[in-house]
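Below are the chains, spelled out letter by letter.
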Amino acid sequence: MIRPLVLLCSIALMGVTAFAENKPNVLLISIDDLNDWVGCLQGHPQALTPNIDRLAGTGTLFENAHCQSPVCNPSRASMMTGRYPHSTGIYFLSPDLKQAPALKDVKTMPEVFAANGYETLATGKLFHTGDKRFFQKYQPSGGFGPRPEKKISQPHGHPLWDWGVYPESDDQMPDIKAATWAAEQLQAKHTKPFFMGVGFYRPHVPMYAPQKWFDLHPRAGIQLPLVREDDRADLSQYAIDLTNLKHVSPTHQWMVDSGQWDHAVQAYLASVTFADHCLGIVLDALQSSEYADNTIVVLFSDHGFHLGEKQRWAKRSLWEDGTRVPIIVSAPGFKANQRSAQPVELLDVFPTLLELTGLPVDEEQQGQSLVPLMKDPSSDWQHPAITSFGRGNFAIRSARYRFIQYHDGSRELYDLENDPHEWTNLASRPEYKNVLAEHAAFLPTHQHPVLPGDSTGHQAYAAANVKLAK
């Protein structure tokens with residue numbers, strides 16, 4: 001029998017790399033701009049996502065999961081560092097996380113795994129930009145391309161805001177290239193445990209996909225999201241101004257007047273099904289590899305997406321459609337086909353992976369490990385999901401309610417159990433005074449100032465605050 005001291009000395013002599021050889025692998029998969037239009041989340045009755053659904057069947061589906069920001073850069077920076085946007089000052093599309101003073105000495109998720117003996121490799125979009133900086137091996141996939149010479153469906157607006165059938169074949173799509181590369185890596189021999197990131201760009205705009213994916217969602221039978229004409233009547237002007245983003249996405253009125261609403265919904269559904277197909281390529285490769293039984297798989301999206309709900313499009317809102325995301329964790333040794341309705345955050349992924357792999361805990365991280373919920377999905381959980389969009393604008397999501405407080409002090413409260421579309425703002429009703437107080441208690445007491453960034457990323461936030469100042 002080896003004595004404890006001798007064992008410790010033996011481990012020290014082995015070194016970090018050798019010690020890490022017995023660690024489980026990690027496969028981290030991102031699907032950009034994917035909301036709850038997923039079969040297992042039932043966000044849309046016509047969603048076709050057999051591969052996401054089968055992954056959920058192998059692990060735990062967190063059906064009440066939310067992002068830290070309804071914008072790509074702050075959401076991904078937050079998840080990859082384990083810090084809230086209001087702790088770092090990264091609220092918008094810039095600055096880059098490496099330019100944030102609060103993150104100067106903070107290692108990102110792949111950098112932590114590399115420092116602990118893992119081989120790190122990735123393809124596609126895991127960070128907002130510059131993924132190559134964070135992985136030992138990185139394969140570009142082609143980004144949001146390819147794009148036609150002229151836009152197909154929306155002649156005006158942002159260059160990426162378009163949808164329709166394009167290109168001719170799957171092989172021309174960057175996400176297929178990412179899936180194929182990832183599959184090749186899973187079939188290769190690795191001498192160390194690996195941390196692999198795979199980032200798919202669809203269904204992010206432009207919502208292009210080959211014809212066969214549109215054929216699975218015939219336009220004539222498309223079901224549109226339910227929308228109430230008076231939905232915004234109980235909102236503050238500040239809340240309306242904050243989500244007034246004509247410079248980025250088309251207005252809901254334009255979608256209706258142009259006859260493009262059903263086409264755009266069809267394109268989103270087609271893009272989701274295509275992304276799901278790409279995921280299937282990766283999952284098939286993992287299943288047939290020697291790593292099938294020793295790999296943790298995490299699937300996530302960076303934020304939600306509106307397709308007409310609350311009369312708006314795209315992200316950048318603190319409502320359910322703007323913040324809700326799929327999170328699935330499948331890990332060796334844990335039960336399959338589990339669902340948890342407890343509120344969780346993208347911020348929770350980092351500490352979850354540290355615990356699952358036995359790596360040192362980072363006490364400065366602000367998320368919670370999801371392992372207790374993986375052991376018992378209905379266990380006691382006292383942590384709401386906190387989302388921000390600009391300084392002073394927060395949503396607190398509990399198991400039943402969504403509480404929103406804006407920079408001007410205006411509030412919203414929705415009972416998701418009885419009002420899943422968030423049509424009725426309960427904040428002014430006296431019988432909900434205690435519910436409001438319970439949720440307001442989670443509002444951050446310290447907020448980092450907004451860091452300098454590009455004018456586009458700040459436009460709606462700045463415009464709303466200018467109106468407030470007047």
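Here, every reference points to the structure presented above.
Peer 1: When you look at the pairing of strand β1 (residues 25-31) in this model, what are you seeing that I'm missing?
Peer 2: Every regular strand shows the same layout, with side chains that alternate between the two sheet faces. Where burial is concerned, most of β1 is hidden: 7 out of the 7 residues are buried. Bridge count between β1 and strand β8 (residues 295-300): 6 bridges; the pairing is parallel. By the bridge assignment for β8, I29 is matched with L299. With 6 bridges joining them, β1 and strand β6 (residues 194-200) adopt parallel strand pairing. In the strand pairing of β6, V26 is matched with F195.

Peer 1: Looking at this structure, how should I read the pattern of salt bridges?
Peer 2: Across all of its chains, the model carries 19 salt bridges by this definition. For R83, the salt bridge goes to D362, with nearest N and O atoms at 3.2 Å. One end of the pair, R83, is in the loop between α3 (72-81) and α4 (85-88); the other, D362, is in the loop between α12 (349-357) and α13 (371-375), and 279 residues separate them in sequence. Assessed through its relative accessible area of 27%, D362 is described here as partly exposed. For E422, the salt bridge goes to R402, with nearest N and O atoms at 2.9 Å. On the criterion of sequence distance, the pair formed by E422 in the loop between β17 (411-415) and α14 (433-440) and R402 in strand β16 (residues 401-405) is long-range, its members being 20 residues apart. By the burial criterion, E422 is buried, and R402 matches it. The structure contains a network of salt bridges with shared partners spanning D32, R76, K125 and D302.

Peer 1: I tried to follow the pairing of β17 on my own but got confused; where do I start?
Peer 2: Of all the 5 residues making up β17, 4 are buried; the element is thus mostly covered by neighbouring parts of the structure. The sheet contact formed by β16 and β17 spans 5 bridges and is antiparallel. Residue pairing in the sheet places Y401 in a bridge with D415 of β17. Joining the antiparallel neighbours β16 and β17 is a turn of 5 residues, in which G409 adopts a positive phi near 95°.

Peer 1: Sorry, what's going on with the environment of A267 here?
Peer 2: As for its placement among the helices and strands, A267 is situated in helix α10 (residues 261-287). It is 19 Å that separates the C-alpha atoms of A267 and D171, two residues lying 96 residues apart in sequence. Filtering out sequence-adjacent residues up to four positions away, A267 remains in contact with W163, G164, M207 and F214.

Peer 1: I tried to follow the sheet that holds strand β14 (residues 385-388) on my own but got confused; where do I start?
Peer 2: Each strand in a sheet pairs with its neighbour through backbone hydrogen bonds, running either in the same direction (parallel) or in the opposite one (antiparallel). With antiparallel pairing, 4 strands are arranged side by side in an open sheet as β14-β15-β16-β17. In this open sheet, the two strands that pair with only one neighbour each are β14 and β17. Geometrically, the sheet is characterised by an average inter-axis angle of 15° between neighbouring strands, direction not taken into account. Sitting on the sheet, α14 is in contact with β15 (394-397), β16 and β17, with an inclination near 70° to β16.

Peer 1: Just to check I follow, could you spell out the packing of helix α6 (residues 174-187) against α10 for this structure?
Peer 2: Any two packed helices are characterised by how steeply their axes cross, that is the angle between the axes, and by the distance between the axes. Interaxial distance between α6 and α10 falls to 8 Å at its minimum, and their mutual angle equals 10°. Our classification of the angle between α6 and α10 gives roughly parallel. Residues D175, I176, A179, A182, A183, L186 and Q187 of α6 pack against F274, H277, C278, I281, V282, A285 and L286 of α10. Here the residues of the contact of α6 with α10 are counted per class, giving 11 nonpolar, 2 polar and 1 charged.

Peer 1: Sorry, what's going on with the state of the cysteines here?
Peer 2: Put plainly, a disulfide is one covalent bond tying together the sulfur atoms of two cysteines. Inspection of every chain in the model, using the stated rule, returns 0 disulfides. No disulfide involves C40; its nearest neighbouring cysteine sulfur is the one of C278, lying 17 Å away. A relative accessible area of 12% places C40 in the buried class. This cysteine, C67, is not joined by any disulfide, and C72 carries the nearest cysteine sulfur, 11 Å off. On the accessibility criterion, C67 (0% relative accessible area) is buried.

Peer 1: What should I look at first to understand the packing of aromatic side chains in this one?
Peer 2: Geometrically, a pair of aromatic rings is defined through the distance of the ring centres and the angle of the planes. Tallied over the full model, the rule gives 18 aromatic pairs. Ring centres of W161 and W163 lie 6.2 Å apart, and the angle between their planes is 85°; this geometry places the pair in the edge-to-face category. The two residues W161 and W163 agree in class, both being buried. When the centroid spacing of 5.8 Å and the interplanar angle of 65° are considered together, the rings of Y166 and Y208 count as edge-to-face. Placement of Y166 in the loop between β5 (163-165) and α6 and of Y208 in strand β7 (residues 207-209) is noted, with a sequence separation of 42 residues between them. For Y166, a relative accessible area of 25% gives the class partly exposed. Every member of this aromatic cluster is reached through a ring pair, and the members are W37, W161, W163, W254, Y268 and F305.

Peer 1: Could you clarify how one ought to interpret the side chain of D348 in this entry?
Peer 2: Of note, D348 is situated in the loop between β13 (344-345) and α12. Salt bridges are absent for the buried D348, whose nearest opposite-charge side chain, R83, sits at 12 Å. Within the structure, the side chain of D348 is placed 2.7 Å from the backbone nitrogen of Q368, a separation counted as a polar contact.

Peer 1: Where do I start with unusual backbone geometry in this structure?
Peer 2: Apart from glycine, the bulk of residues carry a negative phi angle, and the bulk of peptide bonds sit in the trans form. In this structure, the amide linkage connecting G145 to the following residue, P146, adopts the cis form with an omega of -5°. Its location among the elements puts P146 in the loop between β4 (137-139) and β5. Backbone geometry at Q42 places phi at a positive 60°, although glycine is not the residue there. You can see Q42 is positioned in the loop between β1 and α2 (50-56). One non-glycine residue, Q311, lies in the positive phi region at around 60°. Within the secondary structure layout, Q311 lies in the loop between β9 (306-307) and β10 (313-314).

About the thresholds
- Residues numbered from 1 in each chain as written.
- Predicted model: local features only at pLDDT ≥ 70, side-chain atom pairs only at ≥ 80, totals over all residues.
- Heavy atoms only, no water.
- Buried < 20%, exposed > 50% of the residue type's maximum accessible area, 1.4 Å probe, protein only.
- Helix = DSSP H or I, 4+ residues; strand = E, 2+ residues; numbered from the N terminus.
- Pairing = 2+ DSSP bridges.
- Salt bridge = Lys/Arg side-chain N within 4 Å of Asp/Glu carboxyl O.
- Contact = heavy atoms within 4.5 Å.
- Axes fitted to C-alpha atoms, helices over the stretch in contact; angles between N-to-C directions.
- Parallel < 35°, antiparallel > 145°, perpendicular 65-115°, else oblique.
- Nonpolar A, V, L, I, M, F, W, Y, C, P; charged D, E, K, R; others polar.
- Disulfide = S-S within 2.5 Å.
- Phe/Tyr/Trp six-rings, centres within 6.5 Å; stacked < 30°, edge-to-face > 60°.
- Lys, Arg positive; Asp, Glu negative; His and termini not counted.
- Polar contact = N/O pair within 3.5 Å; in protein donor to acceptor, adjacent residues only side chain to side chain.

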